[in-house]
Amino acid sequence: MYIREDGTIYFHEWDRPFVAKFGEYTATQMVLAFQTEHRGLPFLYDTHQLAAFLQMNRKRLFDLVKQVDEHYDRVEIVQKNGKKRVLHVPDGTLKAVQRQIQRNILMHFLPSSYATAYIRRRTLVDNAAPHVGKRYLLKLDITDFFGSIRFAQVYRSAFCSPYFPKQVGVLLTRLCCWQGALPQGAPTSPALSNLVMKSFDVYLGEWCRRHAIAYTRYCDDMTFSADHPLYMVYQKVQTMLEHMGFSLHEDKTCFVTRASRQCVTGLTVNETVLVSRVYKRRLRQELYYAQKFGLADSLRHTQRGKFFTGEMPDVERYRNHLLGQVGFVLQVEPENRWFQHARNALKTMR
């Protein structure tokens, strides 16, 4: 269906079961009332409309839902620390469906103000800034964050609402899960994780505010800061997470005082938000060699295999990689003259 500029409703073929059930007048009033209250969200009363929304017929929809776990590929990536991270990445068919859900449904649901990852116009700086200049800092990490978010949590947080009848909500949830959990690698998982954590964020954030504690969450990384000790925070967060089926990654729990370098998601916050000196020193050195020897010879000298196509250095990909790193520094420190000049030099470097 679609709504004309004059406000009248035009029903399509796939809307017939819905119209037949309620009659054209009542069906029209239902759609108009829904659009008035939930502007932008698709009206999905039944599986006929859901299939049309996902640009497929009902048989294909039910086949996809039934076999959804088979539409994922297992991908292993090696992290900087040498450990492997396992992703479950949807194939082209399922990814197209998930992107439709992400763009036209999930983007309409706002996460909490304490969440800073995967949200348009929120950055690492937004995650770090509330913690600048505090005497005490506490960093906590959730173990297997995406994999610990279960089907029921996704359904309750995103698709069990006045917007979706139960059958539609269950099917949407099934299309976003792998083996009953949230897959790391699906385009819908980041937004869904923020919605699952929304009630946690709001309750904990308000509790922290009453106790003069700053709180932000960047995906599975939680940061707390205050001018008084934070030991009670650890106990409270641990208890709340256990009730939700999560556990803390004990090896990543970190208490830091202002006497040490306080770092939040890669940014230093002791006095102001800055990129760490180690990161900038390494990047300056890499840029120095690139400028002295040229991008191609610099790659040959350092033997960075991921920037080679066969035996040939991929200069443009390496240039874009360096520009991205310089851009990150300038996003945090826009007045940094050294990196401003480096960015300009990179654009013409051979």
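A brief look at the structure comes next. As the structure is a computational prediction, the values presented were derived from the model and not from experiment.

Summing up its helical and strand segments, the chain has 15 helices and 13 strands in all. In terms of overall dimensions, the chain has a C-alpha envelope of 75 × 55 × 40 Å along the principal axes. Across the 350 residues of the chain, 45% fall into the buried class. Counting only contacts in the chain whose residues sit at least 6 apart along the sequence, the fraction spanning at least 24 positions is 63%. When the accessible surface of the chain is split by element, carbon and sulfur atoms take 51% of a total near 19000 Å². Charged side chains in the chain number 49 positive and 32 negative. The centres of these two groups are separated by 5 Å.

A few words now on unusual backbone geometry. Residues other than glycine seldom take positive phi values, yet Arg-121 does so here, at roughly 70°. The residue Arg-121 is located in the loop between helix H5 (92-104) and helix H6 (124-128) in this model. Since its relative accessible area comes to 73%, Arg-121 is described here as exposed. Despite not being glycine, Asp-144 shows a phi value in the positive range, around 45°. Tracing the backbone shows Asp-144 in the loop between strand E5 (136-141) and helix H7 (151-159). The class for Asp-144 is exposed, based on a relative accessible area of 51%.

Contact geometry for H7 and helix H8 (residues 166-175): axes closest at 9 Å, N-to-C directions at 125°. On the basis of their axis angle, the class for H7 and H8 is oblique. As for how H7 packs across H8, the hand of that crossing is right-handed. Residues Phe-151, Val-154, Tyr-155 and Phe-159 of H7 form the contact with H8, whose own contacting residues are Lys-166, Gly-169, Val-170, Leu-172, Thr-173 and Arg-174. Taken together, the residues that form the contact of H7 with H8 break down as six nonpolar, two polar and two charged.

Time to look at the sheet that holds strand E8 (residues 254-257). Taken in spatial order, the four strands line up as E6-E7-E5-E8 in an open sheet, and their pairing is antiparallel. Edge strands, defined here as strands with exactly one partner in the open sheet, are strand E6 (214-218) and E8. This sheet shows a mean twist of 15° between the axes of neighbouring strands, independent of strand direction. In terms of strand pairing, E5 meets strand E7 (residues 221-226) through six bridges, oriented antiparallel. Across the sheet, the residue bridging to Lys-139 is Thr-223, located in E7. Contacts from helix H10 (residues 198-210) reach E6 and E7, with the element oriented near 155° to E6.

On to helix H4 (residues 58-66). For H4, the full list of buried residues reads Leu-61, Leu-64 and Val-65. In an axial view of H4, the angular spread of the buried residues amounts to 100°, which keeps them on one side of the axis. Turned more than 90 degrees from where H4 packs its buried face, Lys-59 and Lys-66 sit exposed. At its buried positions, H4 is contacted by helix H3 (47-53), H5 and H8.

To continue, consider the pattern of salt bridges. In the structure shown here, the tally under the stated rule is 12 salt bridges. Arg-319 serves as the salt-bridge partner of Glu-316, at 2.8 Å between the closest nitrogen and oxygen. Note that Glu-316 and Arg-319 are positioned in helix H14 (residues 315-332) at a spacing of three residues, about one turn of the helix. Residues joined in a network through salt bridges with shared partners are Arg-74, Glu-76 and Lys-84.

This part is about the sheet that holds strand E10 (residues 267-268). Reading across the sheet, the three strands line up as E9-E10-E11 and stay open at both edges, with antiparallel pairing between neighbours. Among the strands making up the open sheet, the edge pair consists of strand E9 (263-264) and strand E11 (274-275). Here E10 runs beside E11; their pairing, made up of two bridges, is antiparallel. Its bridge partner lying in E11, Leu-267 is registered against Val-275.

To continue, consider the environment of Asp-201. Within the secondary structure, Asp-201 sits in helix H10. With a relative accessible area of 0%, Asp-201 lands in the buried category. In sequence terms Asp-201 and Met-222 are 21 residues apart; their C-alpha atoms lie 9.9 Å from each other. Other than its neighbours up to four places away in sequence, Asp-201 contacts Ser-112, Tyr-114, Ala-115, Tyr-215 and Arg-217. In this structure the side chain of Asp-201 is engaged in a polar contact, spanning 2.7 Å, whose partner is the side chain of Tyr-215. Among the polar contacts made by the side chain of Asp-201, one reaches the side chain of Arg-217 at a distance of 2.9 Å.

Reading guide: rules and limits
Residues numbered from 1 in each chain as written. Predicted model: local features only at pLDDT ≥ 70, side-chain atom pairs only at ≥ 80, totals over all residues. Heavy atoms only, no water. Helix = DSSP H or I, 4+ residues; strand = E, 2+ residues; numbered from the N terminus. Buried < 20%, exposed > 50% of the residue type's maximum accessible area, 1.4 Å probe, protein only. Contact = heavy atoms within 4.5 Å. Areas by Shrake-Rupley, 256 points an atom, 1.4 Å probe, with all protein chains shown as cover. Lys, Arg positive; Asp, Glu negative; His and termini not counted. Charge placed at Lys NZ, Arg CZ, Asp CG, Glu CD. Axes fitted to C-alpha atoms, helices over the stretch in contact; angles between N-to-C directions. Parallel < 35°, antiparallel > 145°, perpendicular 65-115°, else oblique. Left-handed = near helix turned anticlockwise from the far one by under 90°. Nonpolar A, V, L, I, M, F, W, Y, C, P; charged D, E, K, R; others polar. Pairing = 2+ DSSP bridges. Arc of directions from axis to C-beta. Salt bridge = Lys/Arg side-chain N within 4 Å of Asp/Glu carboxyl O. Polar contact = N/O pair within 3.5 Å; in protein donor to acceptor, adjacent residues only side chain to side chain.

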